[in-house]
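# Coordinates in review
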Amino acid sequence: MSGRVVDVRKLTVRYGAAVALDEVDLHVEAGELVALIGPNGAGKSTLVNTLSGILKPAGGSVSVVGRLAHVPEGRQMFASLTVDDNLRLGAWRIRDRNTARVYELLPGLVRVRDNRAGLLSGGQQQMVALGRALMSRPQVLVIDEMSLGLAPLVVAELAAHLRALNSQDGLAVLLIEQNARLALELCSRAYVLEAGRVVAHGPSAQIAASPAVAAAYLGGGPG
Amino acid sequence: MSAFLQYLITGLGVGCGYALVGSGLVVIYRVTRVVNFAQGAFAVVAAMAVSTLLGAGLPHGLAEAFAVALAGLVGLLVGLVAIGKPGTSPQAALIVTLGIGIFAYAIEILIWGDQPRSFAGLPGSFTLLGARVQSHYLLIIAASVLVFLAMAVLFARTDVGRALTAAAANPYAARVVGINVTRMGLLSFALGGALGGLAGVLTTPVQQVTFDSDVVLVVSGFAAAILGNLTRPAFTLLGGLLLGVAQALVAGYLSTSYQTEVALLLMLTVMIVQAARRPTIQEEPA
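What this report covers is the structure whose coordinates are included nearby. (Residues numbered from 1 in each chain as written. Chains lettered and ligands numbered in written order. Predicted model: local features only at pLDDT ≥ 70, side-chain atom pairs only at ≥ 80, totals over all residues.)

The two faces of a sheet get side chains in turn, since along a regular strand they alternate between them. Residues and elements named next belong to chain A. Looking at chain direction, strand E1 (residues 4–15) and strand E2 (residues 18–29) are connected through 8 bridges and run antiparallel. Bridging across to E2, Leu11 finds its partner in Val24. Taking the residues that link successive antiparallel strands as the turn, the E1-E2 hairpin has 2 residues, and the phi of Gly16 there is positive, at about 60 degrees. (Pairing = 2+ DSSP bridges. Helix = DSSP H or I, 4+ residues; strand = E, 2+ residues; numbered from the N terminus.)

Residues and elements named next belong to chain A. Reading across the sheet, the 3 strands line up as E2-E1-E4 and stay open at both edges, with antiparallel pairing between neighbours. A single partner strand is all that each edge strand has here, and the edge strands are E2 and strand E4 (59–64). Pairs of neighbouring strands in the sheet enclose a mean axial angle of 15 degrees, with direction left out of account. Across 5 bridges, E1 lies against E4 in antiparallel orientation. (Axes fitted to C-alpha atoms, helices over the stretch in contact; angles between N-to-C directions.)

Helix length check: helix H8 (residues 181–203) of chain B (23 residues) gives 33 Å between terminal C-alpha atoms against 33 Å at 1.5 Å per residue, within 8%. The buried fraction of H8(B) is high, at 21 of 23 residues. (Expected span 1.5 Å × (residues − 1). Buried ≥ 20, exposed ≤ 12 C-beta atoms within 10 Å, placed from the backbone.)

Looking now at the interface of chain B and chain A. Facing 16 residues of chain B, the contacting portion of chain A comprises 18 residues. Listing elements by their share of the side of chain B that touches chain A, those giving two or more residues are helix H6 (159–169) and helix H7 (171–176) of chain B. Top element by residues in the side of chain B that touches chain A is H6(B). It accounts for 6 residues. Here the side of chain B that touches chain A is composed, by residue class, of 9 nonpolar, 3 polar and 4 charged. (Contact = placed C-beta atoms within 7 Å. Nonpolar A, V, L, I, M, F, W, Y, C, P; charged D, E, K, R; others polar.)

Residue and element names in this part refer to chain B. Along the chain, Thr32 turns up in helix H1 (residues 2–32). Thr32 sits in the buried class, given 28 other C-beta atoms within 10 Å. Sequence spacing of Thr32 and Ile83 is 51 residues, and the spatial spacing of their C-alpha atoms is 8.3 Å. Beyond its immediate stretch of four places on either side in the chain, Thr32 contacts Ile83, Pro90, Ala168, Gly185 and Ser188.

What follows concerns the pairing of strand E1 (residues 125–128) of chain B. All names here are of chain B. Pairing between E1 and strand E2 (residues 131–134): 4 bridges, direction antiparallel. Bridging across to E2, Thr127 finds its partner in Arg132. If you look at the hairpin formed by E1 and E2, you'll find 2 residues sitting between the two strands, and Leu129 has a positive phi there, around 50 degrees.

Residues and elements named next belong to chain B. With 13 residues, helix H9 (residues 214–226) extends 18 Å from end C-alpha to end C-alpha; this agrees with the ideal 18 Å at 1.5 Å per step. Within H9, burial applies to Asp214, Val216, Leu217, Val218, Val219, Ser220, Gly221, Phe222, Ala223, Ala224, Ala225 and Ile226. Here the buried face of H9 lies against H1, helix H2 (39–55), helix H4 (90–112), H8, helix H10 (233–253) and helix H11 (259–277).

Moving on, we come to the nonpolar core. One finds Leu175(A) and Ala46(B) to be the most contacted residues of the largest nonpolar core, which totals 167 residues. The biggest single contributor to this core is H1(B), with 15 residues. (Core = buried A, V, L, I, M, F, W, Y, C linked by C-beta atoms within 7 Å.)

Here it is in structure tokens:
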């Protein structure tokens, strides 16, 4: 596979008079892991919601080749439904609603398949959210704040799953993270979004080495 | 004893009607969080339509089926007006349905007049332990049981049922996986309309209907549904049966004019007990 699975050009999104995204250019190649980092309110979730069609652009273009699946911020379970039902709904867009493949990819979910999703731990819910997105057999996965509020061990497990999905199935991933260290380590390329604009982009190593990024996102604090 | 048995069976039959109206409220509330005050009108429209269709020479069965389908269509239209505009709050939609319910009076009187209407149901009667009961009550009870079973299967075992629940449980997540939340809401209104229509079609042969019968129906249906927190069909059936029997007993031993009062009393009791147990109505599974 080659070519761009996500191609965003001069994307502008507004909430009323407020500009959330201002002429953003971003792309993801097939089978590529790309990070999008930036502070709260930079427009990261706006970009994700526009990619998945929930928000409409005010200007510019968004083109997606193949199927894009979205793991939303905050995990967004159907709390009263079982894990299995949550997974099945992930395949709402396609006909094949067989969950066997996802249980194979994420064996940790087998044990809780009949539990109500609302009663699971945060880590388990993030696993369900990932599985639900995989149900639609996407070519590109957009993950919004994967590690937020999760224990380091759980985050490491999720990251391992993403690496495996990427290397084995050629799944492209756009990873939105507050944890810049994790994102830059996992992905080969990165974008930095601030106040609705892309302020830096390039190979992860180069982004990590830039003094401004290091100071803002990789400095002192825990991750 | 035979009188008691007779009240019991007629109460169960009428209670099934309340349960069906209530289940329509439940389906709509579960998916849209809107309490649909036009719910009683679906039953009235369907019942009136049957009387017209029978008069036009349509056979039994076909006339009833058409009327239920018509009620489903009316439900869809009410849904379009109440929640069709994106961003309408459930509270605003509730007031819209209240308005539609009253507006429906005008249309109903225009088409069918203000006189009570009825039509024949299942003919014949039978004797059970000395009590004489119209056979039609058995039809009401059997049809209602089937419908409630079908509804349980819909919500628990089908993807459309899961999607209906999901649209209410987490509208954002529903959109993320590609479920059209507004369309699910409209589907629930159509289903609610058909359920209300079925109630009207089934109970009219034993309880004649006028344009303003919807008040008793919606109050009774709401009383039945509130037992299941407006979200659980099984408890709605139980609530409807309890209410129907209570009303039949009050009517039999005291007076027939206390129908609505019995419903209101049950509703208030359930709401007070529930309010004491938990702060607000919450989402519950089927």
